[in-house]
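Here are the chains, one letter per residue:
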Amino acid sequence: MAARKKLQESFSKFLIEEVRRWSMMRQTGVSLKYMMDFGSRPSERNLLLSAQFLHKELPIRIARRAVELENLPYGLSLKPAVLTVRDWYLDSFRDLRSFPEIKDSKDELAFTQMINKIKVRHNNVVPAMAMGIKQLKNDLGRKVEPGDLPEIHQFLDRFYLSRIGIRMLIGQHVALHEPNPSPGQVGQIWINLSPIEVAKNAAEDACSICLREYGSAPEVQIYGDPNFTFPYVPTHLHLMVFELVKNSLRAVAEMFINSDKEAPPVRIIVADGIEDVTIKV
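Summary of the structure given here. Bear in mind the structure is a predicted one, so any value in this text is a computation, not a measurement.

What counts and what doesn't
Residues numbered from 1 in each chain as written. Predicted model: local features only at pLDDT ≥ 70, side-chain atom pairs only at ≥ 80, totals over all residues. Heavy atoms only, no water. Phe/Tyr/Trp six-rings, centres within 6.5 Å; stacked < 30°, edge-to-face > 60°. Helix = DSSP H or I, 4+ residues; strand = E, 2+ residues; numbered from the N terminus. Buried < 20%, exposed > 50% of the residue type's maximum accessible area, 1.4 Å probe, protein only. Expected span 1.5 Å × (residues − 1). Contact = heavy atoms within 4.5 Å. Pairing = 2+ DSSP bridges. Axes fitted to C-alpha atoms, helices over the stretch in contact; angles between N-to-C directions. Disulfide = S-S within 2.5 Å. Salt bridge = Lys/Arg side-chain N within 4 Å of Asp/Glu carboxyl O. Bend = angle between axes of the 7 residues up to and from the residue. Parallel < 35°, antiparallel > 145°, perpendicular 65-115°, else oblique.

Taken as a whole and judged by the stated rule, the model has eight aromatic pairs. Taken together, a centroid distance of 5.8 Å and an interplanar angle of 20 degrees make the contact between Y34 and F38 stacked. Here Y34 and its partner F38 are both found in helix α3 (residues 32-39), four residues apart, which amounts to about one turn of the helix. When its relative accessible area of 18% is taken as the criterion, F38 is described as buried. Measuring from centroid to centroid gives 5.4 Å for F99 and F111, while their planes differ by 70 degrees, and the two rings are edge-to-face. Taken together, the positions of F99 in the loop between α5 (80-98) and α6 (105-121) and F111 in helix α6 put the pair 12 residues apart, joining distant regions of the chain. In terms of burial, F99 and F111 fall into one category: buried. Taken together, Y89, F155, F159 and Y160 form an aromatic cluster joined through their ring pairs.

Another aspect to go through is α6. In a regular helix each residue adds 1.5 Å, so 17 residues correspond to 24 Å; α6 covers 24 Å between its end C-alpha atoms and thus fits that length. When α6 is considered as a whole, its buried residues turn out to be E108, F111, T112, M114, I115 and I118. Packing partners of the buried residues in α6 comprise α4 (44-70), α5 and α8 (150-175).

This part takes up the sheet that holds strand β6 (residues 277-280). Taking strand neighbours across the sheet as the criterion, the three strands line up as β3-β5-β6 in an open arrangement whose pairing is mixed. Every other strand in the sheet has two partners, leaving β3 (220-223) and β6 as the edge strands with one partner each. Neighbour to neighbour, the strand axes of the sheet diverge by 10 degrees on average, direction disregarded. Two strands pair when backbone bridges link them, and strand β5 (residues 266-272) and β6 are joined in this way by four bridges, in the antiparallel orientation. In the sheet register, A271 faces β6, and the bridge partner there is T278. Where helix α9 (residues 195-214) meets the sheet, its contacts fall on β3, β5 and β6, and the angle it forms with β3 comes to roughly 170 degrees. Taken strand by strand, helix α10 (residues 234-255) contacts β3, β5 and β6, and its axis lies near 150 degrees from that of β5.

The next thing to look at is the state of the cysteines. Applying the stated criterion across every chain, the model contains zero disulfides. Unpaired in this structure, C207 has its nearest cysteine sulfur neighbour in C210, at a distance of 6.8 Å. For C207, a relative accessible area of 15% translates into the label buried.

Here the focus is the pattern of salt bridges. This model, assessed by the stated rule, comprises 13 salt bridges. Between R21 and E18 there is a salt bridge; the shortest N-O distance is 2.7 Å. Taken together, the residues R21 and E18, both in helix α2 (residues 13-23) and three residues apart, mark about one turn of the helix. Using a relative accessible area of 42% as the deciding quantity, one classes R21 as partly exposed.

Along its 27 residues, α4 runs 39 Å from first to last C-alpha, staying within 8% of the 39 Å computed at 1.5 Å per residue. At L54, α4 is bent by approximately 30 degrees, the largest bend along its length. Burial runs high along α4: 19 of the 27 residues are buried.

Their axes nearest at 12 Å, the elements helix α7 (residues 125-140) and α8 cross at an angle of 170 degrees. One element, α7, and the other, α8, form an angle in the roughly antiparallel class. Contacts from V125, V126, M129, A130, I133 and L136 of α7 reach α8 at I152, F155, L156, F159, Y160 and R163.

What follows is the structure, given as structure tokens:
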């Protein structure tokens, strides 16, 4: 109730009703293959069609997250950091809905600049949500174990997955305006991305952090076909592997920090299947 009251004080009744109406609309799934096929021909017409699609699609996705942020359990919606995130989503929804119909290349370019600003606005969503969770744990006044608060974990899974999708749609459209794209690159997507090379770079970054924190780092061993490639976004894959390796290195380093035994290596296994790629740490 308090969150709704604060919402009504900060935003107009019309905007709040619009957000709730759009949050009930069905979003459209977009596959990586479709992005590659569509983005391989970034003509003026295709960029216009892409902008027109995003003009309708992004408000739906953003509205869903804004409504969900307003109705979180355990009073999480009332935490200052979460209220800040919710306001970012509402501001972005308002920017999108107030943008006029996209009719030509001039409109498309202005829209592209606007959604890029939205992407920048949301850069700090992850640390802000982490701060909100920390504020909730402090208010609960007890030690919260990893298995506690399952509703919060389920919400965060949905929220972060949706955030990746929104940023991917915006980032791909913006990247298609690059005048001199690298060979083998379609927007943000690398057609022949080597997961082994990404794993090596991510492991090096994680090891440097471990060395700085603990003075040493376990060895990282990487197994897989060095010639295997697949189409994907390198920054996304790097972040996922980096976080997994970083957590593994920390766990091993802390377990063996006062031990006479040599710390075991952290192993990364890259396996390619018929329809998918598995990376195991």
